[in-house]
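One-letter residues, chain by chain:
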Amino acid sequence: MKKLMAANWKMYKTWDQACATARELVQLAAKQLPEDREVLVFPPFTALRGVSEAFASSDFMTGGQDFYPGEEGAFTGEISPMMLDDAGAVYGLTGHSERRHVLGEPDELVAAKTAYGLDKGLNVILCIGERIEERKAGKVEDVLKRQLEIGLQDVPRDVDPERLSIAYEPVWAIGTGEVAGPEEIKAAHGFIRKILLDIFGEKANEIRILYGGSVKSANCAEIISLDNVNGVLVGGASLQGESFSQIVLA
Ligand code: PGA
């Protein structure tokens, strides 16, 4: 299974800035990329087509940071999987903690998006993770189980496991510089694998589980070598071509 090295640019970068970083990334990392790695960037929607075009000479991929579970209609401000596809995206992100906790997205909406995106041909990364107060109250497994069971409730059991990934992103580690420790990551990823096996059976071993939360070049190699860590989802440290290229090659 190839490791998926993903960048989430969130609400950063204009078209020009995004395209420049994308070109720099191709220059710094495309030729040297090990066989067993894939690179994926989630730019802001306005720069999606530009970044997809900047990646055309490489195998690097793009994705949409969010999408609405519908084809078209009177949904002001929303974007559909078909529109993402039209802009060159092959992936979609669902359930990012900023959407859950800043925008108030409930588990059921995350579930609808996850199933719809997969049905319409996107590869989907479902993000899950506990808040600090949930960790302190010993509720990590309860939260992860709930977010997985509801988040995946509408996904057909015969889904191609290579098209679905899970990103474990403890909320307290996102953008804080406070990365989860190896034991915390191993425990969470092992638990997630167990729940996926309960839901999908044996083929759940082919579903990638990414870690996200303060990943940088200095900690990436160790994180990526842990059991059941099949990639990373990087925010802050992915914004510079130089720093993200060090991560993808780490
Ligand atoms: P961070 O963000 O790397 O800045 O912690 C990760 C994410 O939100 O996906």
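Here the structure is a predicted model, which means the values were calculated and not measured.

Definitions and cut-offs
- Residues numbered from 1 in each chain as written.
- Predicted model: local features only at pLDDT ≥ 70, side-chain atom pairs only at ≥ 80, totals over all residues.
- Heavy atoms only, no water.
- Helix = DSSP H or I, 4+ residues; strand = E, 2+ residues; numbered from the N terminus.
- Rg over C-alpha atoms; globule rule 2.2 N^0.38 Å.
- Buried < 20%, exposed > 50% of the residue type's maximum accessible area, 1.4 Å probe, protein only.
- Arc of directions from axis to C-beta.
- Contact = heavy atoms within 4.5 Å.
- Phe/Tyr/Trp six-rings, centres within 6.5 Å; stacked < 30°, edge-to-face > 60°.
- Lys NZ or Arg CZ within 6 Å of the ring centre and 35° of its normal.
- Near = heavy atom within 4 Å.
- Polar contact = N/O pair within 3.5 Å; in protein donor to acceptor, adjacent residues only side chain to side chain.
- Areas by Shrake-Rupley, 256 points an atom, 1.4 Å probe, with all protein chains shown as cover.
- Nonpolar A, V, L, I, M, F, W, Y, C, P; charged D, E, K, R; others polar.
- Pairing = 2+ DSSP bridges.
- Right-handed = clockwise from strand over helix to strand, strands pointing away.
- Disulfide = S-S within 2.5 Å.
- Lys, Arg positive; Asp, Glu negative; His and termini not counted.
- Salt bridge = Lys/Arg side-chain N within 4 Å of Asp/Glu carboxyl O.

1. Regarding the overall build of the chain
Part 1 of the reasoning: A tally of regular secondary structure across the chain gives ten helices and eight strands.
Part 2 of the reasoning: Its C-alpha radius of gyration of 17 Å places the chain within 12% of the 18 Å reference for a compact globule of 250 residues.
Part 3 of the reasoning: For the C-alpha atoms alone, the extent of the chain along its principal axes is close to 45 × 45 × 35 Å.
Part 4 of the reasoning: Per-residue burial for the chain yields a buried fraction of 55% across its 250 residues.

2. Observations regarding helix α10 (residues 241-249)
Part 1 of the reasoning: For α10, the full list of buried residues reads Gly241, Phe244, Ser245, Ile247 and Val248. Viewed end-on, α10 has its buried residues packed into an arc of 160 degrees, placing them on one side of the element.
Part 2 of the reasoning: Packed against the buried residues of α10 are β1 (3-8), α1 (15-30), β2 (37-42), α9 (217-224) and β8 (231-234).

3. What about the packing of aromatic side chains?
Part 1 of the reasoning: All told, the structure shown has three aromatic pairs when counted by the stated rule.
Part 2 of the reasoning: The positively charged end of Lys13 is found above the aromatic ring belonging to Trp9, 5.2 Å away from the centroid.
Part 3 of the reasoning: In this structure, Arg157 is placed above the aromatic ring of Phe200, and the distance from its NZ or CZ to the ring centre is 5.3 Å.

4. Some words on the site of the ligand
Part 1 of the reasoning: With respect to spatial proximity, 13 residues lie near the ligand, and among them Lys10, His96, Glu169, Gly175 and Ser214 are the closest.
Part 2 of the reasoning: Side-chain polar atom of Glu169 to an oxygen atom of the ligand: 2.7 Å apart, as the coordinates give it.
Part 3 of the reasoning: One of the backbone nitrogen or oxygen atoms of Gly236 is found 2.8 Å away from an oxygen atom of the ligand.
Part 4 of the reasoning: Out of a free accessible area of 280 Å², the ligand has 95% covered by protein chains.
Part 5 of the reasoning: Partitioning the shell around the ligand into residue classes produces four nonpolar, seven polar and two charged.

5. A short note on the pairing of strand β4 (residues 91-94)
Part 1 of the reasoning: By the alternation rule, side chains of β4 split into Tyr91 and Leu93 and Gly92 and Thr94, which are all buried.
Part 2 of the reasoning: Where strand β3 (residues 61-64) and β4 come together, two bridges link them in parallel fashion. The partner of Gly64 across the bridge, within β4, is Gly92.
Part 3 of the reasoning: Between the parallel pair β3 and β4, the chain is carried across by helix α3 (residues 81-86), and the sense of this crossover is right-handed.
Part 4 of the reasoning: Bridge count between β4 and strand β5 (residues 123-128): four bridges; the pairing is parallel. Across the sheet, Thr94 pairs through a bridge with Leu126, a residue of β5.

6. What to know about unusual backbone geometry
Note on backbone geometry: most residues besides glycine have negative phi, and most peptide bonds are trans.
Part 1 of the reasoning: Not every positive phi belongs to a glycine, and Lys13 is a case in point at roughly 90 degrees.
Part 2 of the reasoning: Position of Lys13 relative to the elements: it lies in the loop between β1 and α1.
Part 3 of the reasoning: In this structure, Ser214 takes a positive phi of about 60 degrees despite not being glycine.

7. Quick notes on the state of the cysteines
Part 1 of the reasoning: Applying the stated criterion across every chain, the model contains zero disulfides.
Part 2 of the reasoning: Sulfur of Cys220: no disulfide; nearest cysteine sulfur belongs to Cys127 and is 17 Å away.

8. Comments concerning the side chain of Lys3
Part 1 of the reasoning: Considering the arrangement of structural elements, one finds Lys3 in strand β1.
Part 2 of the reasoning: Of the side chains bearing the opposite charge, Asp36 lies closest to the buried Lys3, which forms no salt bridge; the N-O distance is 6.8 Å.
Part 3 of the reasoning: A polar contact of 2.8 Å, which involves the side chain of Lys3, links it to the backbone oxygen of Ile224.
Part 4 of the reasoning: Among all residues touching Lys3, those that are not within four sequence positions of it are Asp36, Arg37, Glu38, Arg208, Ile224, Val229, Asn230 and Gly231.

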